[in-house]
Structure formats: structure tokens, C-alpha cells
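# Architecture and fold: a report
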Amino acid sequence: MTDTQQEERYDIVAREDFSDVAYSLVIRHPLLAQAARPGQFVIVMSDEHGERIPLTLADFDRARGTITLVIQAVGKTTRAMQQDCRVGTSLHALVGPMGEPSRIGHAKKVVCVGGGLGVAPVFPQARAHKESGAYVIGVVGFRSRDLVFWEDKFRAVCDEFIVCTDDGSAGIKGLVTEGIKQAIERHNDIDEVVAIGPPIMMKGCAEATRPHGIHTVVSLNPVMVDGTGMCGGCRVKIGDKVMFACVDGPDFDGHQVDFDDLMFRLQRYRPAERAALERWQQNCRMERSTTPRE
């Protein structure tokens, strides 16, 4: 292996499984770790024949030269990565950091909200706001206690921390909007709310803050191909403008985002995604059935 080939390895040095579908990968990439900023994302190819998928940075450690990705195994590529990406293996390609970094340092009191897998990428935001001197209120939402992760990490960077679960098995029962409501009731001087999660959740957060006039930032992650604004796949409607999440975002004013259009566009890809997953599952079953047993 040449020195150039060695430098291009993106080794997985740690992995943690949070549930049967959610897992984290810690990847060694010193240059990316140095350049990374909260709110940015990377594009990953797990193997030379794989598709390019955008993943928001969940953490980065400049001293160790690593970045962390938290992934939910829902489609063909993320399920294949769940099966194949182990400590000691490496990714085929890793490009980034991409997108505009989040604006940090202007707000004195911030509510950082994460729902489901959006919990992971909102962590760097909470940490950065805390390091800038802001009072940080963390609000995270999960379906149940069994799915809660990174609670200790959040408590270390948040002045207040609210856990919400759909079934009430941890924290308060309800959606993250209940946590936002509690934060607003306790504090009348919130400068900003940052919300990351599924589009329907971010829409709910924006509607919860709209009557109070609280600036609300959301992170959009629509379908991307190249990540440079050339393919146009990630276009989103922001007010009366059409913008591209990969180069203009991923952060946008939540009160200006046309979430209905975003969710409609995402649904258009569902049949193709299901077909790709079914083909992959069929191939996996065929491989298992033809593997000789010892």
C-alpha cells in the first residue's frame, strides 16, 4: 500500500449500537476533524459500489482526529452499513465537511431540540453554544426509555435538560414540543431555538415558537446526490425562494421553510427506496442460503 493509499483510508475505530436500528461510527479523519464545525455534514460511500449518502456530523474530536456519525438503519445503504461497518473496517469514501456552519455566539439563551436521530447532530450545537457562553436548555425526544442515548453527554453541556418520551417511560410524556413549551414557560428571554429531527417534528417545533416570535433554526437533510448544488435534488422552498440544502444550508429559518413541500418531495422517493431495500434483502438471503456450512 502506498502512502497516498494509506492517507485515503477512513478507518472505523469505534462503534456503539443504541438499538436494533440505531448505531454510531467513530471514524479517524484528522483533517476533517480539524475543519468540522457544528451544523455541517459529510457524504459517505461505504463501498465502491455504494450510493452517496449525506450524514450530519454528530460529534468531532480534534485532539483524537475523529468524527462521529449516528445512523439509523432504515434503507438499503444504512442497513448494509449496519451489517458491514465494524471496528477495523474502513469506509470507501468520506467527503466533508460540507454545508454552511451554524451561527454560534450571538445568542445568550438557546434551546437545542433533537428528536429521534436528530438528537445526535444537535449535540455539537449545544456544546458550541455552551462554549460561547450561552445558557443552554437541551430538549430531546424518543419513543421510549430504551432508545435514549447520550444523556450524560448532553447533561455535561446543558444548563437544563429535558427528556421527552412518547410513552412517558422517561422524562415527561409527550413530543419535544412539550419540552419547548416548558422551556418557554420558565424563560421569557429565549433568543433562539435550534431543532433537528424528522421534518414533521421540525415543523411542530417551528409552529410552537412562532406565536412567541422566537428565532427558530432547523437543519434540513433532503435527498442529495453530489452535495455541491449541481444536481438540484436537495432544493427546498424557503419563503419565496428556492434554495439548496447542500450549499445554502443545511440550517434555515424554520418559520420560512415550506415543510409540506419538503415532505411531499421526500415521499416521491419512497417507492424506489423500498425497491432497493427489497433487492438488497433478497441478495442477502441468497448469499446466506449458498454459504457452505462447516
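By convention here, each chain's residues receive numbers from 1 onward along its written sequence. Where local features are concerned, this predicted model is filtered to residues with pLDDT of at least 70; where side-chain atom pairs are given and counted, the filter is 80 or more; whole-chain, interface and lining totals use all residues. Side-chain numbers come from the whole structure's heavy atoms, not from hydrogens or water.

## Description of the pattern of salt bridges
Salt bridges are identified by distance alone: a Lys or Arg side-chain nitrogen within 4 Å of an Asp or Glu carboxyl oxygen. Counted by the stated rule, this structure contains 11 salt bridges. In this structure, E207 engages R210 in a salt bridge whose closest nitrogen and oxygen atoms are separated by 2.8 Å. Burial classes: relative accessible area under 20% of the type maximum marks a residue as buried, over 50% as exposed, and values in between as partly exposed (1.4 Å probe, protein chains only). Look at R210 and you get partly exposed, because its relative accessible area is 38%. Among the charged side chains, a network of salt bridges with common partners joins D59, R127 and K153.

## Side note on the packing of aromatic side chains
Only Phe, Tyr and Trp rings are paired, with Trp represented by its six-membered ring, and only when their centres lie within 6.5 Å; those with planes under 30 degrees apart are stacked, over 60 edge-to-face, the remainder tilted. This structure, assessed with the given rule, holds seven aromatic pairs. Ring plane angle 75 degrees and centroid distance 5.5 Å describe the contact between F123 and F154, whose orientation is recorded as edge-to-face. Taken together, the residues span a long stretch of sequence, with F123 in helix 4 (residues 119–131) and F154 in helix 5 (residues 151–157) at a distance of 31 residues. Note on F154: relative accessible area 1%, which makes it buried. Placement of a charge over a ring requires the Lys NZ or Arg CZ to be within 6 Å of the ring centre, with the centre-to-atom vector within 35 degrees of the ring normal. Against the face of Y135 rests K109, its NZ or CZ located 4.9 Å from the ring centre. Taking the ring centre of F60 as reference, the NZ or CZ of R127 above it sits at 5.3 Å. Each helix corresponds to a stretch of at least 4 residues labelled H or I by DSSP, and each strand to a stretch of at least 2 residues labelled E; elements are numbered beginning at the N terminus.

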